[in-house]
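# Tertiary structure, described
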Amino acid sequence: MFTFVRLVRQRIRDMGTIKALLLTAERYANADGQKEPGAEHVVLSALALPDGTARKALHRIQADPERFQDAIAQQYRDALENLGINAPHDADLNEARPLSPGKAYRVQASAQALMERLRTIVENDQRQDVRCPLLSAHVLQAACAAEFGVAVRALRVMGAAPADLIEAAKTEVTEYLAHQR
Amino acid sequence: MINPATLPSPDDPAEALAAVVALRILADKLERNAVDRALAQGWSWSQIAEALGVSKQAAHRRLANPQSKTTP
């Protein structure tokens, strides 16, 4: 019974984290000229979460979290160069106004898939340890479970192999919980 | 102009599909940029819609800046 109450409390706290995660992701998407956030914007948002485990996971595999936003733009440029298009640098296109937010909590399919994977990952960890909160490292695990898409392409541009990053993120979750004890 | 000889190989659908995504994002940004500049130069939504090949209502709904006071 006590465990159940702790789990419910943890899930309520996690809902606050999810709200912050999605609201910040939406701001990143709107600033990028997109109405709804994709998985890449959720990862950007996770890198700003205060627990810091996602950033530590990237550092653990010698990848710089500060480069992720540039890596998103770079993977677009790489893809366009494959078509023989030298895309203007973002600076040129950013003259276009940022978009206003769309309907609250509406996300692109890639972000929806990430959030579903995230729920499974966190629930599994909470079965092992009921005090385990939703951490930014969990978001990285969920992002890296995708085979394709902008988020994993950007991570690869940074030199972050998804399999290595998943392991690093799991380690960071374990260390975070060890420090909470 | 896109050179078909440089298109991603059909044997590599991941790269071809990534290029499609990048093109969509680029096209969306170019469209908003062009519409904003047209409005700044005094174009009407009717003219913009005609140039884009869509209805005036569709153009305004999709591309109008909610903060601006432009009407269709």
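Predicted model, so just to flag it, every value in this text is computed and none were measured.

## Concerning the overall build of chain A
Counting its secondary structure elements, chain A contains nine helices and zero strands. Here chain A has a C-alpha radius of gyration of 17 Å; the compact-globule value for 181 residues is 16 Å, and the two agree. Its C-alpha atoms put chain A at 60 × 35 × 25 Å along the principal axes. Burial status across chain A gives 40% buried among its 181 residues. Restricting to contacts in chain A with at least 6 residues of sequence separation, those with at least 24 account for 75%.

## Examining the overall build of chain B
A count of helices and strands for chain B gives three helices and zero strands. Across chain B, helices and strands are ordered from the amino to the carboxyl terminus as α-α-α.

## Details of the nonpolar core
Of all hydrophobic cores here, the largest spans 51 residues; its most connected members are Val 42, Val 43, Val 139, Leu 140 and Ala 143 of chain A. Those residues within four positions of Val 42 of chain A in sequence are excluded, and the remaining contacts are Leu 21, Ala 25, Pro 37, Ala 111, Leu 114 and Val 139 of chain A. Formed by six residues, the second largest nonpolar core is a distinct cluster that contains Val 35, Trp 45, Ala 59 and Leu 63 of chain B.

## Description of helix H2 (residues 39-47) of chain A
Within H2 of chain A, eight of the nine residues are buried, leaving the element largely enclosed by the surrounding structure. Looking only at H2 of chain A, the buried set comprises Ala 39, Glu 40, His 41, Val 42, Val 43, Leu 44, Ser 45 and Ala 46 of chain A.

## Quick look at unusual backbone geometry
Residue and element names in this part refer to chain A. The phi dihedral of Gln 62 falls on the positive side, at around 60 degrees, and the residue is not glycine. By secondary structure assignment, the location of Gln 62 is in the loop between helix H3 (53-60) and helix H4 (68-81). Residue Gln 62 is classed as exposed on the basis of its 11 C-beta neighbours within 10 Å.

## Brief notes about the packing of H3 of chain A against helix H7 (residues 136-144) of chain A
All names here are of chain A. Two numbers describe how H3 lies on H7: the axes approach to 6 Å, and their chain directions differ by 60 degrees. Taken as axis vectors, H3 and H7 run oblique relative to one another. Across the interface between the two elements, Thr 53, Ala 54 and Ala 57 from H3 touch Ser 136, Ala 137, Val 139 and Leu 140 from H7. Class assignment of the residues belonging to the contact of H3 with H7 gives a composition of five nonpolar, two polar and no charged.

## Here we look at the packing of H3 of chain A against helix H9 (residues 162-180) of chain A
Residue and element names in this part refer to chain A. Two elements in contact, H3 and H9, have axes whose closest approach is 8 Å; the angle formed by their N-to-C orientations is 130 degrees. The angle between the axes of H3 and H9 places the two elements in the oblique class. Here the hand of the crossing between H3 and H9 comes out right-handed. Contacts from Thr 53, Lys 56, Ala 57 and Arg 60 of H3 reach H9 at Leu 165, Ala 168, Ala 169, Thr 171, Glu 172, Val 173 and Tyr 176. Tallied by class, residues from the contact of H3 with H9 come to six nonpolar, two polar and three charged.

## Overview of helix H2 (residues 45-52) of chain B
Residues and elements named next belong to chain B. What H2 keeps buried is the set Trp 45, Ile 48 and Ala 49. Taken down its axis, H2 places every buried residue within 100 degrees of arc, on the same side. Where H2 terminates, the next one or two residues include Gly 53, which has phi positive at roughly 75 degrees.

## Here's the deal with the confidence of the model for chain B
Residues and elements named next belong to chain B. For chain B, mean pLDDT is 84; residues scoring 70 or higher make up 76% of the total. Looking over chain B, one finds the lowest element-wise mean pLDDT in helix H3 (residues 56-63), namely 90, and the highest in H2, namely 96. In the predicted assembly, ipTM is 0.80 and pTM is 0.87.

## Observations concerning the environment of Ser 44 of chain B
Relative to the helices and strands, Ser 44 of chain B is located in the loop between helix H1 (13-40) and H2. A count of 14 C-beta atoms within 10 Å places Ser 44 of chain B in the partly exposed class.

## Concerning the environment of Gly 42 of chain B
Residues and elements named next belong to chain B. Along the chain, the position of Gly 42 falls in the loop between H1 and H2. Assessed through the 7 C-beta atoms surrounding it within 10 Å, Gly 42 is described here as exposed. C-alpha separation for the pair Gly 42 and Gln 57, spaced 15 residues apart in sequence, amounts to 18 Å.

## Thoughts on the environment of Trp 43 of chain B
Residue and element names in this part refer to chain B. Along the chain, the position of Trp 43 falls in the loop between H1 and H2. For Trp 43, a count of 16 C-beta atoms within 10 Å gives the class partly exposed. Those residues in contact with Trp 43, other than ones at most four positions away along the chain, are Ala 38 and Ile 48.

Rules of the game
Residues numbered from 1 in each chain as written. Chains lettered and ligands numbered in written order. Predicted model: local features only at pLDDT ≥ 70, side-chain atom pairs only at ≥ 80, totals over all residues. Helix = DSSP H or I, 4+ residues; strand = E, 2+ residues; numbered from the N terminus. Rg over C-alpha atoms; globule rule 2.2 N^0.38 Å. Buried ≥ 20, exposed ≤ 12 C-beta atoms within 10 Å, placed from the backbone. Contact = placed C-beta atoms within 7 Å. Core = buried A, V, L, I, M, F, W, Y, C linked by C-beta atoms within 7 Å. Axes fitted to C-alpha atoms, helices over the stretch in contact; angles between N-to-C directions. Parallel < 35°, antiparallel > 145°, perpendicular 65-115°, else oblique. Nonpolar A, V, L, I, M, F, W, Y, C, P; charged D, E, K, R; others polar. Left-handed = near helix turned anticlockwise from the far one by under 90°. Arc of directions from axis to C-beta. pLDDT = per-residue confidence, 0-100.

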